[in-house]
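Spelled out, the chains give:
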Amino acid sequence: MQDLEKNPEQDPRAEQLAAAHWQARRSPVAWNRLKPDVRAELTEQAGAWLRAAEQVDLVAPATAPSEDHTALWLDETGGVWNDVPTSDGGDLVLPLVHAREQATSRAELEDRGHHFTLIGWTR
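The structure presented is a predicted model; accordingly, all values stated were derived computationally and were not measured. Every chain begins its residue count from 1, and numbering advances along the sequence as written. The predicted nature of this model means local features are confined to residues of pLDDT at least 70 and side-chain atom pairs, given and counted, to a pLDDT of 80 or more, with totals for whole chains, interfaces and linings taken over all residues. To get the side-chain values, all heavy atoms of the structure are used, and hydrogens and water are removed first.

Draft legend 1. Region of interest: the packing of aromatic side chains. Paired rings are identified among Phe, Tyr and Trp, the last through its six-membered ring, by centres lying within 6.5 Å, and are further divided according to the angle between planes into stacked (under 30 degrees), edge-to-face (over 60) and tilted (the rest). The tally for this structure, following the rule as stated, stands at 1 aromatic pair. A centroid spacing of 5.7 Å and a plane angle of 85° characterise the contact between tryptophan 81 and phenylalanine 116, whose relative ring orientation is edge-to-face. Placement of tryptophan 81 in strand β2 (residues 80-83) and of phenylalanine 116 in strand β5 (residues 116-122) is noted, with a sequence separation of 35 residues between them. Taken individually, tryptophan 81 and phenylalanine 116 each receive the classification buried, so the pair is uniform in this respect. Where helices and strands are cited, they refer to DSSP runs of H or I of at least four residues and of E of at least two residues respectively, numbered from the N terminus. Any residue under 20% of the maximum accessible area for its type is buried, any over 50% is exposed, and the rest in between are partly exposed; the area is computed with a 1.4 Å probe on protein chains only.

Draft legend 2. Helix α2 (residues 36-55), seen in detail. One fewer than the residue count of a helix, multiplied by 1.5 Å, yields its expected span. Helix length check: α2, at 20 residues, gives a terminal C-alpha distance of 28 Å against a target of 28 Å (1.5 Å per residue), a fit within 8%. Every residue pair with non-hydrogen atoms within 4.5 Å of one another is taken to be in contact. Of the surrounding secondary structure, the elements contacted by the buried residues of α2 are α1 (13-24). A positive backbone phi angle near 60° is found at aspartate 57, which sits one or two residues after α2.

Draft legend 3. Region of the structure containing the environment of glutamate 108. Mapped onto the secondary structure, glutamate 108 falls in helix α3 (residues 106-111). Remark: the alpha-carbon pair of glutamate 108 and aspartate 91, spanning 17 residues in sequence, is separated by 9.3 Å.

Draft legend 4. Representation of the sheet that holds β5. DSSP bridges decide pairing: two strands pair if at least two such bridges lie between them. Reading across from one edge, β4-β3-β2-β1-β5 is the order of the 5 strands in this open sheet, with antiparallel pairing throughout. The open sheet terminates on both sides in strands that have one partner only, identified here as β4 (104-105) and β5. Bridging between β2 and strand β3 (residues 92-95) involves 3 bridges; their strand directions are antiparallel. Across the sheet, residue tryptophan 81 finds its bridge partner in β3, namely proline 95.

Draft legend 5. Region of interest: α1. Here α1 spans 16 Å end to end across 12 residues, near enough to the 16 Å set by a 1.5 Å rise per residue. Those residues of α1 that sit buried are Arg13, Ala14, Ala18, Ala19 and Trp22. Packed against the buried residues of α1 are α2 and β5.

Functional significance is not addressed by these values, which are geometric in nature.
Below, the structure written as structure tokens:
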């Protein structure tokens, strides 16, 4: 089993997990009101949880296994989306529902309140 010590490159999902865990505690203090060092410590703990979960295949790795892979995303309603490779490195995603759908910017969807969770990679 890989060492679960501090990772110099924190998984971008770690803060999301730490904030969700904090909210689940129903603390009267909002996540963004916590002292930065407290948020950093909780985020590091969440990073360790994610690394452990990756090692036993409970969550997808934070990075693609190869350049041939694109990310699969799950939104808050259970919809599955797939990244669309673009030559300019854009952030287009396509819902994995109907072939006639057009790709949409994931950033724009997030701006409209959608919340995406990385669930895997595809080729």
